[in-house]
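# Notes for the structure review
Here's the letter readout for the chains.
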Amino acid sequence: MTVAVELIINQLKQVLLEEQVSTNETVRQLHGKDESHHAMSLPDIVVFPRSTADVSAILKVAHAHRVPVVPFGVGSSLEGNAIPIANGISIDFSEMNAILEVRPEDLLVKVQPGVTRSQLNKELKKHGLQFTVDPGADATLGGMAATNASGTTAVRYGVMRDQVRDLEVVLADGSVIHTGNLAAKSSSGYHLNGLFVGSEGTLGCFTELTLKVYGIPEFVTAGRAVFNTVGDAVSSVTALLQTGISVGRVELVDEASIQQANIYNDTVFSDKPTLFLEFHGNEAGMHADIAFATEIFEDFHCLSVEFEHDNAGRNKLWEARHSLAYAYMHAHPGKKLMSTDVCVPISMLAETILYAREQLNTVGLAGGIVGHVGDGNFHALLMLNPDDAEEQAKADRFNEHIVQYALLRGGTCTGEHGVGIGKMRYQATEHGSSLAVMKSIKIALDPLNIMNPGKIFSL
């Protein structure tokens, strides 16, 4: 340990309790990785704040010594977003996990960043409410806001940015600001909520989040629609959305992924491209929507449609979808998962997915395609040996091809995972001269470049 690190540790222990500061090797390793295939990089120090004042004190020490700082939730990110590639301090928010206030009449909740999605929904259920953003992993709400996470329910309720009313943010110099208010809308000033959500810890640390919540639907029905081809399945979704039917979720799972799901979950789903669906609403309206949707699917050569009306059946279906990443990893021990994340206009989705499947067949890596096809976002799940240069090169080439294909069609290199390390190379192509504006904002808020440096873009 260098003298400089020892000095910083001593100063941190002056503003925090000794138990809140760790240099333990195991603790550092846990904070040097996420669920991506990107290489581990250990922080020098891990700290566990318990209040906004603690976070402010930590950043004042870091700012004074120009030490890199990386916020950390539970490490479920998929693009190396929370890996401290410049070492420094990892701020673990697990001890800031209080639900501070539930406001049922306003459909709002205020939480600390370490609160997880399942923890929040367990509390909200007492009030007949739910938080709708569902990325699959039981991520922290601070981390979800940092990457502008979305997931299976975005087709109806929107992404994380749509749920944020206000953030308490500690900036790089330790100062504290709020980015919004409790009102449902505002035309006052710059939209700072939109700026900070998705900033991946490069502009500051979230210490409180005020979020929009929703009433739990009266009725929920889930189902599966099976098709001969991916093209038919995706085209049917486009037609479904054009009708205005209120779909709660609509997910594509291709043949290879259905096979992995069956093995991992002991299910017997048909080995064909499948849409996993969910409808929310009142009983009469929902039955009408289901009947109309079934007619639309039949127009696209749907082989079968089956619905689950009870909780056990719905949970089993969505568990199969959410566990797909783990199903692939279980089937390929010793390999790591690489998940791509492009998003395109709905009209371009079918052809983009077919292109991705062709490219996946060409590179010859094990994998499948899944996606939130209701909003044009899909993922290719690839298994590779990160120590095998040839496999890594194939995976990178595949990712490059589908990202460029998406960008040329007005899409984006990442629909929900964030930029992190893996998508930095595409920022200039996607954003053009706007990237210079983003860099100017970063420099204005973090002139010493201590906040998660080396993420989103380089300075």
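Residues numbered from 1 in each chain as written. Predicted model: local features only at pLDDT ≥ 70, side-chain atom pairs only at ≥ 80, totals over all residues. Heavy atoms only, no water.

Time to look at the pairing of strand β5 (residues 99-103). Relative to strand β6 (residues 108-111), β5 runs antiparallel, the two being bridged by 4 bridges. Within the sheet, the bridge partner assigned to I99 lies in β6 and is V111. Connecting the antiparallel pair β5 and β6 is a turn made up of 4 residues, with L107 showing a positive phi of about 55°. (Pairing = 2+ DSSP bridges. Helix = DSSP H or I, 4+ residues; strand = E, 2+ residues; numbered from the N terminus.)

In terms of nonpolar packing, the biggest core is built from 47 residues, with L275, F297, I353 and V373 touching the most fellow members. Elements supplying a minimum of two residues to this core: α9 (230-242), β13 (247-253), β14 (274-281), α11 (283-299), α14 (346-363), β19 (377-384) and α15 (389-408). Split by domain, the residues of this core number at least three in each of domain 3 (219-325) and domain 4 (332-421). Not counting residues up to four positions away in its chain, the partners in contact with F297 are A225, F227, S236, L240, L275, L277, C302 and V305. L124, F196, F206 and L209 belong to the second largest nonpolar core, which has 26 residues in total. (Core = buried A, V, L, I, M, F, W, Y, C linked by side-chain atoms within 4.5 Å. Buried < 20%, exposed > 50% of the residue type's maximum accessible area, 1.4 Å probe, protein only. Domains from an automatic or database assignment. Contact = heavy atoms within 4.5 Å.)

Here we take up the packing of aromatic side chains. This structure, assessed with the given rule, holds 6 aromatic pairs. Ring centres of F269 and F276 lie 5.9 Å apart, and the angle between their planes is 80°; on these two criteria the pair is classed as edge-to-face. Like F276, F269 is buried. Each ring, one from F276 and one from W318, has its centre 6.2 Å from the other, and the planes form 75°; the classification is edge-to-face. Here F276, found in strand β14, pairs with W318, found in helix α12 (residues 311-322); they are 42 residues apart in sequence, far enough to count as distant. The same class applies to F276 as to W318, namely buried. Members of the aromatic cluster, each reached through a chain of ring pairs, are F269, F276 and W318. The ring of W318 has R249 lying over it, and the distance from NZ or CZ to the ring centre is 4.8 Å. Against the face of Y405 rests R409, its NZ or CZ located 3.5 Å from the ring centre. (Phe/Tyr/Trp six-rings, centres within 6.5 Å; stacked < 30°, edge-to-face > 60°. Lys NZ or Arg CZ within 6 Å of the ring centre and 35° of its normal.)

One open sheet accounts for 4 strands, arranged β1-β2-β4-β3; its pairing is mixed. Edge positions in the open sheet fall to β1 (21-22) and β3 (69-72), since each of these has one partner strand only. Packing against the sheet, helix α3 (residues 52-65) makes contact with β2 (45-47), β3 and β4 (89-92), and its axis sits at approximately 170° to β4. (Axes fitted to C-alpha atoms, helices over the stretch in contact; angles between N-to-C directions.)

Under the UniProt annotation, the feature "domain: FAD-binding PCMH-type" (unreviewed entry) is placed at residues 39-216. Helix makes up 24% of residues 39-216 and strand 24%. Its end C-alpha atoms lie 41 Å apart. (UniProt positions renumbered as here; feature names shortened; annotations may be inferred.)

Moving on, we get to the environment of E308. Structurally, the position occupied by E308 is in strand β15 (residues 304-308). For E308 and N262, which are 46 residues apart along the polypeptide, the C-alpha to C-alpha distance reads 17 Å. Contact partners of E308, with chain neighbours within four places excluded, come to T221, A222, G223, G313 and R314.

A positive phi angle is found at N449, which is not glycine, with a value near 55°. Residue N449 is classed as partly exposed on the basis of its relative accessible area of 25%. Non-glycine residue N452 carries a positive phi angle of around 40°. Among the structural elements, N452 can be located in the segment after α17 (434-445). For N452, a relative accessible area of 2% corresponds to the buried category.

The next subject is the domain arrangement of the protein chain. Segmenting the protein chain into domains produces domain 1 (3-94), domain 2 (99-215), domain 3 (219-325) and domain 4 (332-421). When each unit is reduced to the centre of its C-alpha atoms, the spacing between domain 1 and domain 2 is 22 Å. In this assembly, 14 residues from domain 1 lie in contact with 20 residues from domain 2. Summing the contributions of domain 1 and of domain 2, the shared interface buries around 1,300 Å²; its carbon and sulfur component is 68%. (Buried area = accessible area lost by both parts, 1.4 Å probe.)

One open sheet holds the 5 strands; their spatial order is β5-β6-β10-β8-β9, and the pairing between them is antiparallel. Strands with a single pairing partner mark the edges of an open sheet, and in this sheet they are β5 and β9 (176-178). Averaged over all pairs of adjacent strands, the angle between their axes in this sheet comes to 10°, without regard to strand direction. Of the strands in this sheet, β8 (164-170), β9 and β10 (205-212) are in contact with α3, which crosses β8 at around 50°. Here helix α4 (residues 117-124) sits on the sheet and contacts β5 and β6; the angle it forms with β5, its principal contact strand, is near 45°.

Counting through the fold element by element, D92 comes out in strand β4. There is no salt bridge for the buried D92, and the closest opposite charge comes from R50, which lies 10 Å off by N-O distance. Separated by 2.6 Å, the side chains of D92 and H31 make a polar contact. For D92, the residues in contact, after removing those within four places along its chain, are H31, V46, V47, F48, P49, F72 and G73. (Lys, Arg positive; Asp, Glu negative; His and termini not counted. Salt bridge = Lys/Arg side-chain N within 4 Å of Asp/Glu carboxyl O. Polar contact = N/O pair within 3.5 Å; in protein donor to acceptor, adjacent residues only side chain to side chain.)

This part takes up the packing of α14 against α15. With their axes 10 Å apart at the nearest point, α14 and α15 run at an angle of 160° to one another. Considered as vectors, α14 and α15 are oriented roughly antiparallel to each other. Relative to α15, α14 is oriented so that their crossing is right-handed. Mapping the contact onto sequence places E351, T352, Y355, A356, Q359, L360 and V363 in α14 and K394, F398, H401, I402 and Y405 in α15. Residue composition of the contact of α14 with α15, by class: 7 nonpolar, 3 polar and 2 charged. (Parallel < 35°, antiparallel > 145°, perpendicular 65-115°, else oblique. Left-handed = near helix turned anticlockwise from the far one by under 90°. Nonpolar A, V, L, I, M, F, W, Y, C, P; charged D, E, K, R; others polar.)

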